[in-house]
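Residues per chain, in single letters:
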Amino acid sequence: NVSEGEFKKLEQNVFDIYKRLGTEPPDKLANGLYEIIGAGFEAGDALSILEISSKAATAGVTETAVAADGLTTILNAFKLSSSDAQQVADIMFATVDRGKISFEELSSQIATVAPLAASSNISFQEVGAAISTLTKQGVPASVAMTQIRSAIIATNEVLGDGAFKTLTLQQGLQKMYESANGSQNQLKELAGRIEAVNGIIGIAGDNFKGASEDLDAMAN
(Lines give C-alpha, C1' and ligand atoms only; values in the text may rest on other atoms or scores of the structure.)
Protein backbone atom coordinates (compact mmCIF):
# COMPACT_ATOMS: atom_id res chain seq x y z
CA ASN A 1 0.00 0.00 0.00
CA VAL A 2 2.68 2.50 -1.02
CA SER A 3 3.29 4.52 -4.15
CA GLU A 4 5.72 3.37 -6.82
CA GLY A 5 8.18 6.04 -5.68
CA GLU A 6 7.94 4.94 -2.05
CA PHE A 7 8.37 1.32 -3.10
CA LYS A 8 11.53 2.19 -5.04
CA LYS A 9 12.88 3.95 -1.98
CA LEU A 10 12.09 0.89 0.12
CA GLU A 11 13.86 -1.29 -2.43
CA GLN A 12 16.92 0.96 -2.39
CA ASN A 13 17.06 0.86 1.40
CA VAL A 14 17.13 -2.95 1.31
CA PHE A 15 20.07 -2.85 -1.10
CA ASP A 16 21.79 -0.26 1.10
CA ILE A 17 21.48 -2.57 4.14
CA TYR A 18 22.94 -5.41 2.08
CA LYS A 19 25.87 -3.29 0.92
CA ARG A 20 26.54 -1.99 4.42
CA LEU A 21 26.24 -5.28 6.31
CA GLY A 22 27.15 -7.82 3.64
CA THR A 23 24.98 -10.43 5.32
CA GLU A 24 22.24 -12.17 3.33
CA PRO A 25 21.47 -11.18 -0.29
CA PRO A 26 18.71 -8.63 -0.99
CA ASP A 27 16.02 -11.22 -1.78
CA LYS A 28 16.55 -12.82 1.65
CA LEU A 29 16.43 -9.40 3.28
CA ALA A 30 13.21 -8.70 1.39
CA ASN A 31 11.70 -11.85 2.91
CA GLY A 32 12.56 -10.47 6.33
CA LEU A 33 11.07 -7.09 5.48
CA TYR A 34 7.88 -8.83 4.36
CA GLU A 35 7.59 -10.53 7.79
CA ILE A 36 8.16 -7.24 9.61
CA ILE A 37 5.68 -5.17 7.61
CA GLY A 38 3.19 -8.04 7.83
CA ALA A 39 3.54 -7.83 11.63
CA GLY A 40 2.20 -4.28 11.47
CA PHE A 41 5.31 -2.10 11.49
CA GLU A 42 5.50 0.98 9.27
CA ALA A 43 8.19 1.16 6.57
CA GLY A 44 10.61 3.37 8.52
CA ASP A 45 10.48 1.25 11.66
CA ALA A 46 10.48 -1.91 9.56
CA LEU A 47 13.82 -1.03 7.99
CA SER A 48 15.38 -0.45 11.40
CA ILE A 49 14.05 -3.80 12.62
CA LEU A 50 15.23 -5.44 9.39
CA GLU A 51 18.81 -4.34 10.00
CA ILE A 52 18.72 -5.64 13.57
CA SER A 53 17.14 -8.90 12.38
CA SER A 54 19.84 -9.34 9.76
CA LYS A 55 22.60 -8.96 12.35
CA ALA A 56 20.74 -11.27 14.75
CA ALA A 57 20.35 -13.87 12.02
CA THR A 58 24.08 -13.84 11.34
CA ALA A 59 24.89 -14.22 15.04
CA GLY A 60 22.22 -16.89 15.49
CA VAL A 61 23.10 -18.80 12.30
CA THR A 62 19.65 -18.52 10.75
CA GLU A 63 17.84 -16.51 8.06
CA THR A 64 16.77 -12.89 8.42
CA ALA A 65 13.10 -13.78 7.92
CA VAL A 66 13.28 -16.30 10.80
CA ALA A 67 14.90 -13.77 13.15
CA ALA A 68 12.43 -11.09 12.06
CA ASP A 69 9.48 -13.39 12.73
CA GLY A 70 10.58 -14.08 16.30
CA LEU A 71 11.61 -10.50 16.96
CA THR A 72 8.30 -9.02 15.82
CA THR A 73 6.31 -11.66 17.71
CA ILE A 74 8.06 -10.61 20.92
CA LEU A 75 7.74 -6.87 20.21
CA ASN A 76 4.01 -7.21 19.58
CA ALA A 77 3.27 -9.62 22.43
CA PHE A 78 5.06 -7.51 25.04
CA LYS A 79 3.74 -4.21 23.55
CA LEU A 80 7.24 -2.96 22.79
CA SER A 81 8.25 -0.46 20.11
CA SER A 82 10.81 -0.63 17.32
CA SER A 83 13.24 1.23 19.59
CA ASP A 84 13.29 -1.87 21.83
CA ALA A 85 14.23 -4.20 18.96
CA GLN A 86 17.96 -4.23 19.65
CA GLN A 87 17.49 -5.10 23.32
CA VAL A 88 15.05 -7.88 22.40
CA ALA A 89 17.50 -9.25 19.83
CA ASP A 90 20.26 -9.21 22.47
CA ILE A 91 18.06 -11.16 24.91
CA MET A 92 17.15 -13.65 22.18
CA PHE A 93 20.83 -14.23 21.48
CA ALA A 94 21.61 -14.55 25.21
CA THR A 95 18.79 -17.10 25.54
CA VAL A 96 20.26 -19.18 22.74
CA ASP A 97 23.80 -18.74 24.03
CA ARG A 98 23.05 -19.83 27.61
CA GLY A 99 20.50 -22.53 26.78
CA LYS A 100 20.27 -25.50 24.43
CA ILE A 101 17.94 -23.98 21.88
CA SER A 102 18.48 -22.67 18.35
CA PHE A 103 17.55 -19.19 17.20
CA GLU A 104 15.08 -20.78 14.80
CA GLU A 105 13.40 -22.79 17.58
CA LEU A 106 13.14 -19.70 19.76
CA SER A 107 11.67 -17.60 16.94
CA SER A 108 9.12 -20.18 15.85
CA GLN A 109 7.97 -21.29 19.32
CA ILE A 110 8.08 -18.18 21.52
CA ALA A 111 4.43 -17.44 20.65
CA THR A 112 3.46 -20.41 22.86
CA VAL A 113 4.28 -18.44 25.99
CA ALA A 114 4.80 -14.76 25.04
CA PRO A 115 1.17 -13.48 25.07
CA LEU A 116 0.35 -15.13 28.41
CA ALA A 117 3.61 -13.95 29.97
CA ALA A 118 3.04 -10.38 28.80
CA SER A 119 -0.52 -10.30 30.14
CA SER A 120 0.79 -11.65 33.48
CA ASN A 121 3.32 -8.78 33.90
CA ILE A 122 6.26 -11.06 33.13
CA SER A 123 9.04 -9.54 31.02
CA PHE A 124 10.73 -11.16 28.03
CA GLN A 125 13.97 -11.11 30.03
CA GLU A 126 12.37 -13.41 32.60
CA VAL A 127 10.94 -15.71 29.92
CA GLY A 128 14.25 -15.87 28.05
CA ALA A 129 16.08 -16.74 31.26
CA ALA A 130 13.56 -19.48 32.07
CA ILE A 131 13.92 -20.96 28.58
CA SER A 132 17.70 -21.05 29.01
CA THR A 133 17.43 -22.67 32.45
CA LEU A 134 15.12 -25.44 31.28
CA THR A 135 16.71 -26.23 27.92
CA LYS A 136 20.23 -26.47 29.34
CA GLN A 137 18.86 -29.29 31.52
CA GLY A 138 17.93 -31.16 28.34
CA VAL A 139 14.27 -30.13 28.09
CA PRO A 140 13.36 -29.77 24.38
CA ALA A 141 12.54 -26.23 23.33
CA SER A 142 8.86 -26.88 22.56
CA VAL A 143 8.39 -28.71 25.87
CA ALA A 144 10.11 -25.90 27.79
CA MET A 145 7.70 -23.35 26.30
CA THR A 146 4.72 -25.50 27.33
CA GLN A 147 6.10 -26.02 30.83
CA ILE A 148 6.67 -22.29 31.37
CA ARG A 149 3.19 -21.46 30.07
CA SER A 150 1.59 -24.09 32.31
CA ALA A 151 3.63 -22.95 35.33
CA ILE A 152 2.48 -19.35 34.81
CA ILE A 153 -1.17 -20.44 34.66
CA ALA A 154 -0.79 -22.52 37.82
CA THR A 155 0.95 -19.71 39.70
CA ASN A 156 -1.74 -17.22 38.71
CA GLU A 157 -4.40 -19.63 39.95
CA VAL A 158 -2.68 -20.31 43.29
CA LEU A 159 -1.08 -16.96 44.12
CA GLY A 160 -3.57 -14.72 42.31
CA ASP A 161 -3.55 -12.85 39.01
CA GLY A 162 -1.38 -10.06 40.43
CA ALA A 163 1.39 -12.37 41.64
CA PHE A 164 3.88 -11.32 38.99
CA LYS A 165 3.35 -7.61 39.61
CA THR A 166 5.69 -7.91 42.59
CA LEU A 167 7.55 -11.13 41.76
CA THR A 168 9.71 -12.13 38.81
CA LEU A 169 8.77 -15.33 37.01
CA GLN A 170 11.62 -17.08 38.80
CA GLN A 171 10.56 -15.77 42.23
CA GLY A 172 6.94 -16.72 41.60
CA LEU A 173 7.85 -20.30 40.74
CA GLN A 174 10.14 -20.47 43.78
CA LYS A 175 7.22 -19.32 45.95
CA MET A 176 5.08 -22.10 44.49
CA TYR A 177 7.84 -24.60 45.27
CA GLU A 178 8.07 -23.35 48.86
CA SER A 179 4.27 -23.45 49.25
CA ALA A 180 4.47 -27.16 48.48
CA ASN A 181 7.40 -27.60 50.92
CA GLY A 182 9.46 -28.91 48.03
CA SER A 183 7.21 -31.95 47.73
CA GLN A 184 6.40 -33.09 44.20
CA ASN A 185 3.11 -34.61 45.36
CA GLN A 186 2.03 -31.43 47.12
CA LEU A 187 3.19 -29.39 44.14
CA LYS A 188 1.07 -31.54 41.85
CA GLU A 189 -1.95 -30.92 44.08
CA LEU A 190 -1.26 -27.17 43.98
CA ALA A 191 -0.41 -26.83 40.30
CA GLY A 192 -2.75 -29.50 38.96
CA ARG A 193 -0.73 -30.02 35.78
CA ILE A 194 2.33 -32.22 35.31
CA GLU A 195 3.74 -29.69 32.80
CA ALA A 196 3.51 -26.97 35.45
CA VAL A 197 5.13 -29.20 38.07
CA ASN A 198 8.05 -29.99 35.76
CA GLY A 199 8.48 -26.33 34.87
CA ILE A 200 8.46 -25.23 38.51
CA ILE A 201 10.93 -27.93 39.58
CA GLY A 202 13.20 -27.09 36.66
CA ILE A 203 13.46 -23.45 37.76
CA ALA A 204 12.87 -23.49 41.54
CA GLY A 205 14.35 -25.41 44.46
CA ASP A 206 17.82 -26.75 43.68
CA ASN A 207 17.71 -25.01 40.30
CA PHE A 208 16.75 -21.58 41.63
CA LYS A 209 20.34 -20.33 41.98
CA GLY A 210 21.11 -21.18 38.36
CA ALA A 211 17.79 -19.69 37.24
CA SER A 212 18.63 -16.44 39.04
CA GLU A 213 22.03 -16.35 37.37
CA ASP A 214 20.39 -16.80 33.97
CA LEU A 215 18.03 -13.91 34.75
CA ASP A 216 20.95 -11.70 35.76
CA ALA A 217 22.64 -12.54 32.46
CA MET A 218 19.56 -11.37 30.53
CA ALA A 219 19.44 -8.11 32.50
CA ASN A 220 23.08 -7.44 31.71
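That block above? That's the structure.
Just so it is clear, the model here is predicted, and its values are computed rather than measured.

Each value, and the rule that gives it
- Residues numbered from 1 in each chain as written.
- Predicted model: local features only at pLDDT ≥ 70, side-chain atom pairs only at ≥ 80, totals over all residues.
- Heavy atoms only, no water.
- Salt bridge = Lys/Arg side-chain N within 4 Å of Asp/Glu carboxyl O.
- Helix = DSSP H or I, 4+ residues; strand = E, 2+ residues; numbered from the N terminus.
- Buried < 20%, exposed > 50% of the residue type's maximum accessible area, 1.4 Å probe, protein only.
- Phe/Tyr/Trp six-rings, centres within 6.5 Å; stacked < 30°, edge-to-face > 60°.

**Description of the pattern of salt bridges**
Now for step 1: One pass over the structure, following the stated rule, counts 8 salt bridges.
Now for step 2: Residue Lys136 is joined to Asp214 by a salt bridge in which the shortest nitrogen-to-oxygen separation is 2.9 Å. Here Asp214 lies in helix α14 (residues 208–219) and Lys136 lies in the loop between α8 (124–135) and α9 (141–159), a separation of 78 residues in the sequence.
Now for step 3: On the accessibility criterion, Lys136 (37% relative accessible area) is partly exposed.
Now for step 4: A salt bridge links Lys209 to Glu213; the nearest nitrogen and oxygen atoms lie 2.7 Å apart. Taken together, the residues span about one helical turn, with Lys209 and Glu213 both in helix α14 at a distance of 4 residues.
Now for step 5: With a relative accessible area of 60%, Lys209 lands in the exposed category.
Now for step 6: Accessibility expressed as a relative area gives 39% for Glu213, which makes it partly exposed.
Now for step 7: Salt bridges sharing partners connect three or more residues here, namely Arg20, Glu51 and Lys55.

**Considerations on the packing of aromatic side chains**
Now for step 1: Across all of its chains, the model carries 1 aromatic pair by this definition.
Now for step 2: Ring centres of Phe78 and Phe124 lie 5.9 Å apart, and the angle between their planes is 55°; this geometry places the pair in the tilted category. In this pair, Phe78 sits in the loop between α4 (64–77) and α5 (85–98) while Phe124 sits in helix α8, placing the two residues 46 residues apart along the sequence. For the pair Phe78 and Phe124, one class covers both residues: buried.

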